Amino acid sequence: MIVIKSRKLRSGIKAAVPFIVIPALAVLGSAAFARKRHIIISLAIAAFALLLFAAGFEKKSTGTRRMVIVSVMTALCFAGRFIPFLKPMTALTIITALYLGGEAGFLVGAMSALLSNFYFGQGPWTAFQMLAWGMIGLFAGILSEPLRRNRILLLIYGAAAGVAYSFIMDIWTVLWYAEGFQWNLYFAALGTAIPYTVSYAVSNVLFLALLARPFGEKLERIKIKYGV
Amino acid sequence: MRSFQEFNPIVIAVYFFSVTGVAMFSSYPPFMAVSLLGGIALYLVRNGRRHARSHFFFLLLFLILAAANPLMSHNGVTVLFIMNDNPITLEALLYGINSAAMIIGVLYWFRSFTQIMTSEKLLYVAGALSPKLSLILSMAIRFVPLFNRQSKRVKDTQTAMGLFRDDNVVDDIRGRMRIFSILVTWGLENGIITADSMAARGYGTGRRSQMKRFRFRRSDTALLLTTFTLLGMTVAGVMAGGLTFSFYPAVKYGTPGIIGICGIAAYSLLALLPVIIETEVSIKWRYLRSRI
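Owing to the predicted nature of the structure, the values given are computational and were not obtained by experimental measurement.

**Considering the interface of chain B and chain A**
Inference 1: On the side of chain A, 41 residues touch chain B, which itself brings 38 residues to the contact.
Inference 2: When residues of the side of chain B that touches chain A are traced back to their parent elements, those giving at least two are α1 (9-25), α4 (90-116), α5 (119-129), α6 (131-160) and α7 (169-200) of chain B.
Inference 3: Taken together, the residues that form the side of chain B that touches chain A break down as 26 nonpolar, 11 polar and one charged.

The following block contains the structure:
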């Protein structure tokens, strides 16, 4: 990283962001802005979370092979977002996370959100989409052991991820529209988003059921053959 | 003499985040109006009369967003009429219009932003923050057309081998699945080869360079400084200029002082900056051509 060059500063950020900056922002923000400016705080926290990840990733001497595989999966996700109604993006993110770990999952989710928004429109929501998809990947990586063993559990995780994605993005919608969070607007937003929520959940389950095994075999094979 | 999109990408990004940042984080109605007008003006200057459909879509969205708040929220003292035993108030309607102006304004700004900030420019900006992430992005962009070409090759080969018929639906779907599977395996293997080749040529030993060079010229500095000055004046106006406006329970606004008026003027200038640059450039072009 050009901006964050010194190792000390980087590890400083890594320690400071989750334990000091984010709670401080949340507390200060709620005290200082009196429920008016929640959107600033939430955007700042999203940006800090992404920064934290970038700092951690930059530090590691991640092998070139691993990086290239992440970009292959990102390209597939990106291409998959053009399929109407059924989106394999989340499913591919989860599969990557299962076999290559949470960090790779986070990267594939966040990067494909960033990349595909060049065609679907960039906006302040990009940070939230990156974070939401990244978290889906990260948690899939953390839970990879049970998810890989149990197919039913994997499908449930996929459906839950679709619903959770919709819920997270609607928090953003409400914060953007109104100052402060309002439950009735949130429920209204969730209500209008039901078709999308269903399509997310259905496509996650469908693509996980279809792709999890063949993709898993391919990624496993690459891992064994090349020692990624 | 450069048009707005030819400025340094970092300057353009800073400019866009300043304009939309003020629009999103202050809910002061004059700012919303200015940002909406500036966003629409820039989009029209860049695209002319094309994209009539997206203008129509934005208008529709504006109406829906403006109507959503009075239907949901019943605060406010001036009741316009009663619907389903719920009062529809003037204040809630005005609030809805204000929010809608903010959202549609930001949407217009980001339309232009997406057009101006091509992926190559974003890689330049991202490369300054994190070279590795920018590499992943640039490779993913390159893989998409590559996979397209390769999938056509695989399909041709499979057809030539007689494994693929597209007049039978079941066979067609099966064939496509097989092509996809082959493509993924090939993509992963090819990626590994790419990675080894990169490592062999010394990837990661030095700083990554850019295919296209974006220099930081004097006019870039000028635009950056102008943006920061105007942004600073706007923020000062918001902080100390009496730019207050509250909708509930009744519409109430303070009279802006000198600093506040300066802030409004600064934000108006900021929002119209790209339109001014574009107009200046097009006038100069016309003048130069008229002399040939």
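**What about the confidence of the model for chain B?**
Residues and elements named next belong to chain B.
Inference 1: Taken as a whole, chain B shows an average pLDDT of 87; of its residues, 98% reach a score of 70 or greater.
Inference 2: Taken element by element, the predicted model of chain B shows its lowest mean pLDDT in α5 (78) and its highest in helix α2 (residues 29-47) (93).
Inference 3: Predicted as a complex, the structure gets a pTM of 0.76 and an ipTM equal to 0.76.

**Notes on α1 of chain B**
Inference 1: Taking 1.5 Å of rise per residue, the 17 residues of α1 of chain B would be expected to cover 24 Å, and the 24 Å separating its terminal C-alpha atoms lies within 8% of that figure.
Inference 2: Within α1 of chain B, burial applies to Pro9, Val11, Ile12, Tyr15, Ser18, Val19, Thr20, Val22, Ala23 and Met24 of chain B.

**Let's talk about the packing of helix α8 (residues 151-177) of chain A against helix α10 (residues 194-226) of chain A**
All names here are of chain A.
Inference 1: In contact at an axis separation of 8 Å, α8 and α10 are set at 150 degrees when each is read in the N-to-C sense. The orientation of α8 with respect to α10, classified from their angle, is roughly antiparallel. Two packed elements cross with a definite hand, and for α8 against α10 that hand is right-handed. Residues Leu154, Leu155, Gly158, Ala159, Ala161, Gly162, Val163, Tyr165 and Ser166 of α8 form the contact with α10, whose own contacting residues are Tyr196, Thr197, Tyr200, Ala201, Asn204, Val205, Leu208, Ala209 and Ala212.
Inference 2: Here the residues of the contact of α8 with α10 are counted per class, giving 13 nonpolar, five polar and no charged.

**A look at the domain arrangement of chain B**
Inference 1: Taken domain by domain, chain B comprises domain 1 (4-122 + 216-291) and domain 2 (130-200).
Inference 2: If you average the C-alpha positions of domain 1 of chain B and of domain 2 of chain B, the two centres end up 43 Å apart.

**Focus: the nonpolar core**
Inference 1: One finds Ile69, Ile94, Ile95, Met111 and Ile136 of chain A together with Ile136 and Ala140 of chain B to be the most contacted residues of the largest nonpolar core, which totals 127 residues.
Inference 2: Taken together, domain 1 (4-122 + 216-291) and domain 2 (130-200) of chain B each give at least three residues to this core, which thus spans both.

**Brief notes about α6 of chain B**
All names here are of chain B.
Inference 1: For α6, spanning 30 residues, the distance from its first C-alpha to its last is 43 Å, which sits close to the expected 44 Å at 1.5 Å a residue.
Inference 2: Its maximal kink placed at Phe143, α6 deviates by approximately 25 degrees, while the proline Pro145 follows within four residues.
Inference 3: All buried positions along α6 are accounted for by Lys132, Leu133, Leu135, Ile136, Leu137, Ser138, Met139, Ala140, Phe143 and Phe147.
Inference 4: Directly beyond the C-terminal end of α6, a positive phi value near 80 degrees is found at Gly162.

**Remarks on the environment of Leu115 of chain A**
Inference 1: Tracing the chain through its elements places Leu115 of chain A in helix α5 (residues 102-120).
Inference 2: Residues Leu115 of chain A and Cys77 of chain A, spaced 38 residues apart in sequence, show a C-alpha to C-alpha distance of 9.7 Å.
Inference 3: Contact partners of Leu115 of chain A, with chain neighbours within four places excluded, come to Thr74 and Phe78 of chain A together with Leu137, Ala140 and Ile141 of chain B.

**Description of the packing of helix α6 (residues 125-142) of chain A against α8 of chain A**
All names here are of chain A.
Inference 1: Axis separation between α6 and α8 bottoms out at 10 Å; the angle between their running directions is 155 degrees. By the angle between their axes, α6 is roughly antiparallel relative to α8. The two elements α6 and α8 cross, and the hand of that crossing is right-handed. In contact with Trp125, Phe128, Ala132, Ile136 and Ala140 of α6, α8 contributes Tyr157, Ala161, Tyr165, Ile168, Met169 and Trp172.
Inference 2: Split by residue class, the contact of α6 with α8 holds 11 nonpolar, no polar and no charged.

**Remarks on the pairing of strand β1 (residues 79-83) of chain B**
Inference 1: Within β1 of chain B, only zero of the five residues are buried, leaving the element largely exposed.
Inference 2: Counting the residues in the hairpin turn of β1 of chain B and strand β2 (residues 86-89) of chain B gives two residues, including Asn84 of chain B, whose phi is positive at 50 degrees.

**Some points on unusual backbone geometry**
Inference 1: One non-glycine residue, His51 of chain B, lies in the positive phi region at around 60 degrees.
Inference 2: Counting through the fold element by element, His51 of chain B comes out in the loop between α2 and α3 (52-72).

**Considering the pairing of β2 of chain B**
Inference 1: Where β1 of chain B meets β2 of chain B, four bridges bridge the pair, whose relative direction is antiparallel. Paired with Ile82 of chain B across the strands is Pro87 of chain B, a residue of β2 of chain B.

What counts, and at which threshold
Residues numbered from 1 in each chain as written. Chains lettered and ligands numbered in written order. Predicted model: local features only at pLDDT ≥ 70, side-chain atom pairs only at ≥ 80, totals over all residues. Contact = placed C-beta atoms within 7 Å. Helix = DSSP H or I, 4+ residues; strand = E, 2+ residues; numbered from the N terminus. Nonpolar A, V, L, I, M, F, W, Y, C, P; charged D, E, K, R; others polar. pLDDT = per-residue confidence, 0-100. Expected span 1.5 Å × (residues − 1). Buried ≥ 20, exposed ≤ 12 C-beta atoms within 10 Å, placed from the backbone. Axes fitted to C-alpha atoms, helices over the stretch in contact; angles between N-to-C directions. Parallel < 35°, antiparallel > 145°, perpendicular 65-115°, else oblique. Left-handed = near helix turned anticlockwise from the far one by under 90°. Domains from an automatic or database assignment. Core = buried A, V, L, I, M, F, W, Y, C linked by C-beta atoms within 7 Å. Bend = angle between axes of the 7 residues up to and from the residue. Pairing = 2+ DSSP bridges.

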